[in-house]
Amino acid sequence: MSTARRFSLVTGLLGCFAPFMLAAQETQTDQQAQIERGEYLAKAADCLACHVTEDGEPYAGGVEFKLPFGSLYSPNITPDEETGIGTWSDEDFVNAMQKGVGKGGKHYYPAFPYTSYTLMSREEILAIKAYLFSLEPVHQPNRENDISFPFNQRWGMTFWNWLFLDDERFQPNPERSEEWNRGAYLVQGPGHCGECHTPRNLFQAKDASKELAGTTIQGWRAWNITSDEESGIGAWPDEALASYLSKGHAKGYGLAGGPMAEAVNHSLRYLTDEDIQAIVTYLKDVPPQDSDVTRPPEKTLADEVPTDNPHPWDSRCLPMLVSVATVGTETGGKHPMLP
């Protein structure tokens, strides 16, 4: 066979396989894009905070949630096939996120914020699944929940969901801006802010009449984050609120501690500036709610250390002590390093 004929044959074969090669490359690119999107959404949803213990492996679970009727423990959501979610189908994962029902029809308790995640679309939820399944499997058996009767009867969640779960996706408000709607989606959906900042009723469902009005969680004060100017964030400048959300502190206004510090560390600091601003825009427009606990007033530090310092401390320590004493935190006005 002549060289020209061989070249012609090879060229023809490449022409036949080229579409398949390009399709495979495009599929790989699409899969990588889905994983990257899922990683961002998993951070926006703060998944890691509830699925990693202090010295544990990421997403391996085991975090304890103390409730009035006992303790729940978060499950392993790594792709391990024996102890994680490695055998879950797309439908299993979507049902867990939107309906609170996992593989095999197992009902979850609302400590898992599926009542907020239900606002997320199937496409976004499957992006999170793609990201989780791209991670290294961790073989770690789940801890058994320790809750009393009758709350340990999971079938009862069928009635709870009938009463309190709105199995609906987020619908933008056409009368609001795109930024406002993006903020509403992040706060109500993946960010599940109401799960910590909204008081709960007798049945441990969020009290819709006091949305984002603040409550106590794990012994920490989850502040009123409505637009109320006295007890909420209505009087905060936009840049102060944006700094608090993305960095965990806002000079003269607050320093994040406890669960809020975890939310900043695992979630909010990874959001884009645009998404942080969208959250600010939405929160500043949430109807004001009164609260029993008002935020500490804004404090301004002196430009210079007073010369008539009556205390025996070194004057170089005074600015720091003033800052510690006046900053508002999730501990009710105390610095998290103080008792």
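Residues numbered from 1 in each chain as written. Predicted model: local features only at pLDDT ≥ 70, side-chain atom pairs only at ≥ 80, totals over all residues. Heavy atoms only, no water.

A.B. asks: What exactly am I supposed to notice about the environment of Asp-238 here?
C.D. replies: Relative to the assigned elements, Asp-238 resides in helix 9 (residues 238-247). Setting aside anything within four residues of it in sequence, one finds Asp-238 in contact with Gln-277, Val-280 and Lys-284. (Helix = DSSP H or I, 4+ residues; strand = E, 2+ residues; numbered from the N terminus. Contact = heavy atoms within 4.5 Å.)

A.B. asks: Hey, could you run me through the sheet that holds strand 1 (residues 64-67) in this one?
C.D. replies: By way of backbone hydrogen bonds, the strands of a sheet pair with one another, either parallel or antiparallel. Pairing is antiparallel across the open sheet formed by three strands, whose spatial order is 1-2-3. Sheet topology places strand 1 and strand 3 (146-147) at the edges, where each strand pairs with a single neighbour. Across four bridges, the pairing between strand 1 and strand 2 (residues 70-73) is antiparallel. Paired with Phe-65 across the strands is Leu-72, a residue of strand 2. (Pairing = 2+ DSSP bridges.)

A.B. asks: Explanation requested: the side chain of Ser-227 in the structure shown.
C.D. replies: Within the fold, Ser-227 resides in the loop between strand 5 (220-222) and helix 9. Accessibility expressed as a relative area gives 16% for Ser-227, which makes it buried. A distance of 2.4 Å separates a polar atom in the side chain of Ser-227 from the backbone oxygen of Val-286. (Buried < 20%, exposed > 50% of the residue type's maximum accessible area, 1.4 Å probe, protein only. Polar contact = N/O pair within 3.5 Å; in protein donor to acceptor, adjacent residues only side chain to side chain.)

A.B. asks: Help me out: how do you make sense of the layout of surface pockets in this one?
C.D. replies: If you roll a probe as big as a water molecule over the atoms, it shows you where there is empty space left. Looking at the second largest pocket, its volume works out to about 900 Å³. Along the wall of the second largest pocket there are 42 residues; nearest its centre are His-51, Tyr-73, Ser-74, Pro-75 and Tyr-108. Every element with two or more residues in the lining of the second largest pocket is listed here: helix 2 (47-50), strand 2, helix 3 (90-99) and helix 5 (122-133). The greatest single-element share of the lining of the second largest pocket, amounting to three residues, is contributed by helix 3. Looking at side-chain class alone, the lining of the second largest pocket contains 23 nonpolar, eleven polar and eight charged residues. (1 Å grid on protein atoms, 1.4 Å probe; cavity = no way out; pocket = protein on both sides within 12 Å on 5 of 7 lines; lining within 4 Å. Points joined across faces, edges and corners; volume = space filled by probe spheres on them. Nonpolar A, V, L, I, M, F, W, Y, C, P; charged D, E, K, R; others polar.)

A.B. asks: How do you make sense of the packing of helix 9 against helix 11 (residues 273-283) when you look at a structure like this?
C.D. replies: Any two packed helices are characterised by the angle at which their axes cross and by the distance between the axes. Their axes nearest at 9 Å, the elements helix 9 and helix 11 cross at an angle of 120 degrees. By the angle between their axes, helix 9 is oblique relative to helix 11. Of the two elements, helix 9 crosses helix 11, and the hand of that crossing is right-handed. Residues Asp-238, Leu-241, Ala-242, Leu-245 and Ser-246 of helix 9 lie in contact with helix 11, whose contacting residues are Ile-276, Gln-277, Ile-279 and Val-280. Considering only residue class, the contact of helix 9 with helix 11 consists of six nonpolar, two polar and one charged. (Axes fitted to C-alpha atoms, helices over the stretch in contact; angles between N-to-C directions. Parallel < 35°, antiparallel > 145°, perpendicular 65-115°, else oblique. Left-handed = near helix turned anticlockwise from the far one by under 90°.)

A.B. asks: Which parts of the structure should I look at to understand the environment of Thr-226?
C.D. replies: Structurally, Thr-226 is set in the loop between strand 5 and helix 9. Sequence separation of Thr-226 and Lys-284 is 58 residues, and the distance between their C-alpha atoms is 6.9 Å. In this structure, Thr-226 is in contact with Glu-211, Leu-212, Ala-213, Gly-232, Ile-233, Gly-234, Leu-283, Val-286, Pro-287, Pro-288 and Gln-289, ignoring residues within four places of it in sequence.

A.B. asks: Help me understand helix 6 (residues 157-164), please; the structure alone is not making it clear to me.
C.D. replies: An α-helical turn contains 3.6 residues, so a residue and the one three or four places further along point in the same direction. Buried within helix 6 we find Met-157, Trp-160 and Asn-161. Within helix 6, the buried residues cover an arc of 95 degrees as seen down the axis, which keeps them to one side. Exposed side chains of helix 6 directed beyond 90 degrees from the buried face belong to Phe-159, Trp-162 and Leu-163. Buried residues along helix 6 sit in contact with helix 3 and helix 4 (114-117). (Arc of directions from axis to C-beta.)

A.B. asks: What is the right way to look at the environment of Ala-96 in this model?
C.D. replies: Structurally, Ala-96 is set in helix 3. As a C-alpha pair, Ala-96 and Tyr-114 span 18 residues in sequence and 7.2 Å in three-dimensional space. Not counting residues within four places of it along the chain, the set of residues in contact with Ala-96 comprises Trp-88, Val-101, Gly-102, Tyr-108, Phe-112 and Tyr-114.

A.B. asks: Any chance you could explain the confidence of the model for the protein chain here in plain terms?
C.D. replies: Any residue range with low pLDDT should be treated as having predicted coordinates unsuitable for detailed reading. Taken residue by residue, the protein chain gives an average pLDDT of 83. The fraction at 70 or more is 78%. Low confidence marks residues 312-339, where pLDDT is under 50. Its contacts with residues over four positions away, or in another chain, come to 42 contacts. (pLDDT = per-residue confidence, 0-100.)

A.B. asks: Got a minute to help me understand the pairing of strand 2 in this structure?
C.D. replies: When a strand is regular, its side chains alternate between the sheet's two faces. Of the strand pairs in this sheet, strand 2 and strand 3 are connected by two bridges, and their pairing is antiparallel. Along strand 3, the bridge assignment pairs Ser-71 with Asp-146.

A.B. asks: Please explain helix 5 as it appears in this structure.
C.D. replies: Between the first and last C-alpha of helix 5 there are 16 Å, a value that for twelve residues agrees with the 16 Å anticipated at 1.5 Å per step. Of all twelve residues in helix 5, nine are buried, a share of seventy percent or more. (Expected span 1.5 Å × (residues − 1).)

A.B. asks: What am I meant to see in the packing of aromatic side chains here?
C.D. replies: Summed over all chains, the structure comprises ten aromatic pairs. Geometrically, the ring pair formed by Phe-112 and Tyr-114 is tilted, given 6.0 Å between the ring centres and 45 degrees between the ring planes. Owing to a relative accessible area of 0%, Tyr-114 belongs among the buried residues under this scheme. Plain terms: the ring middles of Phe-164 and Phe-203 are 6.1 Å apart, the flat faces sit at 35 degrees to each other, and that makes the pair tilted. Taken together, the residues span a long stretch of sequence, with Phe-164 in helix 6 and Phe-203 in the loop between helix 8 (194-197) and strand 4 (215-217) at a distance of 39 residues. Aromatic rings pair up to connect Tyr-108, Phe-112, Tyr-114 and Tyr-117 into one cluster. Against the face of Tyr-270 rests Lys-43, its NZ or CZ located 4.1 Å from the ring centre. (Phe/Tyr/Trp six-rings, centres within 6.5 Å; stacked < 30°, edge-to-face > 60°. Lys NZ or Arg CZ within 6 Å of the ring centre and 35° of its normal.)

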